[in-house]
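Structure assessment
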Amino acid sequence: MRASGATRTPLTVLGGFLGAGKTTLVNALLRQASGLRLTVLVNDFGSVNIDAALIATASGDTIALTNGCVCCAVSDDFAAGLAAALDRRPAPDHLLIECSGVADPAAMAAIAQVDPELTLAGVVVLADATSVAARLADPLLVDTLRRQLRAAELLVLTKTDLAGDTAALAAQLRPLAPRAAMTCATHGDLPIAVALGEHAAGPRAAAPPARHRTLFGSVTLRPRRPLDAAALRAVLDALPDGVLRAKGILPLADGTQALVQRVGRRLEITCPAPHAPHALVLIGTGTAPWDAAAALRPLGLE
């Protein structure tokens, strides 16, 4: 058992109604997970289309991939499946739960609040832009859809290439997902750093790219001096909606160092933090990461 909060395994919950594109996203994340030991818990292997060249071994309800990832099918006993995933050696770097199409993602996310081996990395909910409005108008489905949307910390509109202008839909969904950052993705085209919050502190970007707002960009900031925790929290709380993820380890003025994680409107600043180089990575759409970096620089980040 891992006792320290700094060594807890991050857990991401992936939810959304039937046909929203969850399995498509899982397939894409498995392809992107080079160097990350990602363990995915799914209801069924049937629709997880894993390239045969990636499969190292396959036995029973587990597929081990050549890139270090593992896919586990979970049916009746979810708790047992989760425990088995945590006990794997080498240990997973990140767990991803793909909920069933009618499940409440909040119930799955609650597991991370009570399990001492887990920390919640985020609740990602997909919404099919071609059908979610009609399903919200269906009295048999509306309660399920509303629960899923309410749980979202990152709400991803899928199939937007088939839906045309999604501005009106986004405005309709905004009050139903009050904690969520919102973005779009087609065919599972969502960076793993956005979906899971796993990203390294890479080169700093000097200026925003002149690209369409739906494309993603990132900025890495490094501290010039220890930071005031209250001022840091205030600025991070007020980041623009286009900032989808923020994660890093920063030194604080009281002599400690903190792990900073923000997804949607949920912000966590926790001590102690794992030992790692000091940096803060901001990921988002359009110019939002650069706007956020400008707001953080007066605190002592550059």
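Look up: the structure comes first, before these words.
Residues numbered from 1 in each chain as written. Predicted model: local features only at pLDDT ≥ 70, side-chain atom pairs only at ≥ 80, totals over all residues. Heavy atoms only, no water.

1. Remarks on empty space enclosed by the protein
Over the atoms rolls a probe the size of a water molecule, and in doing so it shows where empty space is left. For the structure shown, the criterion picks out four cavities of 30 Å³ or more. If you add up the space inside the largest cavity, you get close to 60 Å³. Lining the largest cavity we find Leu120, Ala121, Gly197, Arg245, Ala246, Lys247, Gln261, Arg262, Val263, Arg266 and Glu268. Counting residues per element, the ones that place at least two in the lining of the largest cavity are strand E7 (118-128), strand E11 (243-251), strand E12 (257-263) and strand E13 (266-270). In the lining of the largest cavity, the residues fall into four nonpolar, two polar and five charged. (1 Å grid on protein atoms, 1.4 Å probe; cavity = no way out; pocket = protein on both sides within 12 Å on 5 of 7 lines; lining within 4 Å. Points joined across faces, edges and corners; volume = space filled by probe spheres on them. Helix = DSSP H or I, 4+ residues; strand = E, 2+ residues; numbered from the N terminus. Nonpolar A, V, L, I, M, F, W, Y, C, P; charged D, E, K, R; others polar.)

2. Remarks on unusual backbone geometry
Look at the link from Arg89 to Pro90: it is a cis peptide, with omega at 0°. Here Pro90 is to be found in the loop between helix H2 (78-86) and strand E6 (94-98). Of note, Lys159 is a non-glycine position whose phi angle comes to about 60°, a positive value. Residue position: Lys159 is located in the loop between strand E8 (154-158) and helix H6 (160-163). Not every positive phi belongs to a glycine, and His187 is a case in point at roughly 55°.

3. Description of the pairing of E7
The element E7 is extensively covered by neighbouring structure, given that ten of its eleven residues are classed as buried. The pairing of strand E1 (residues 9-16) with E7 spans eight bridges and is classified as parallel. Counterpart to Pro10 in the pairing with E7 is Thr119. Alignment of E7 against E8, held across five bridges, turns out to be parallel. (Buried < 20%, exposed > 50% of the residue type's maximum accessible area, 1.4 Å probe, protein only. Pairing = 2+ DSSP bridges.)

4. Comments concerning the side chain of Thr39
In this fold, Thr39 is placed in strand E2 (residues 38-42). On the basis of relative accessibility, which here comes to 3%, the residue Thr39 falls in the buried class. When near neighbours in sequence (up to four residues on either side) are disregarded, Thr39 contacts Val70, Cys72, Ala85, Pro92, His94, Leu95 and Leu96. (Contact = heavy atoms within 4.5 Å.)

5. Some words on the pairing of E6
The element E6 is extensively covered by neighbouring structure, given that five of its five residues are classed as buried. Here E6 shows a buried face lined by His94, Leu96 and Glu98 and a second buried face lined by Leu95 and Ile97. The pairing of E1 with E6 spans four bridges and is classified as parallel. Along E6, the bridge assignment pairs Thr12 with Leu96. Here E2 pairs with E6 via four bridges, running parallel. Note on E6: the bridge partner recorded for Leu38 is His94.

6. Considering the sheet that holds strand E14 (residues 279-285)
Pairing is antiparallel in the open sheet, where five strands are placed in the order E10-E14-E11-E12-E13. Either end of the sheet is taken by a strand with one partner, and the two such strands are strand E10 (216-221) and E13. Neighbour-to-neighbour, the strand axes of the sheet open up by a mean angle of 10°, direction not taken into account. One ladder, built from seven bridges, connects E11 with E12; its direction is antiparallel. Across the sheet, the residue bridging to Ile249 is Leu259, located in E12. Sitting on the sheet, helix H9 (residues 229-237) is in contact with E11, E12, E13 and E14, with an inclination near 160° to E13. (Axes fitted to C-alpha atoms, helices over the stretch in contact; angles between N-to-C directions.)

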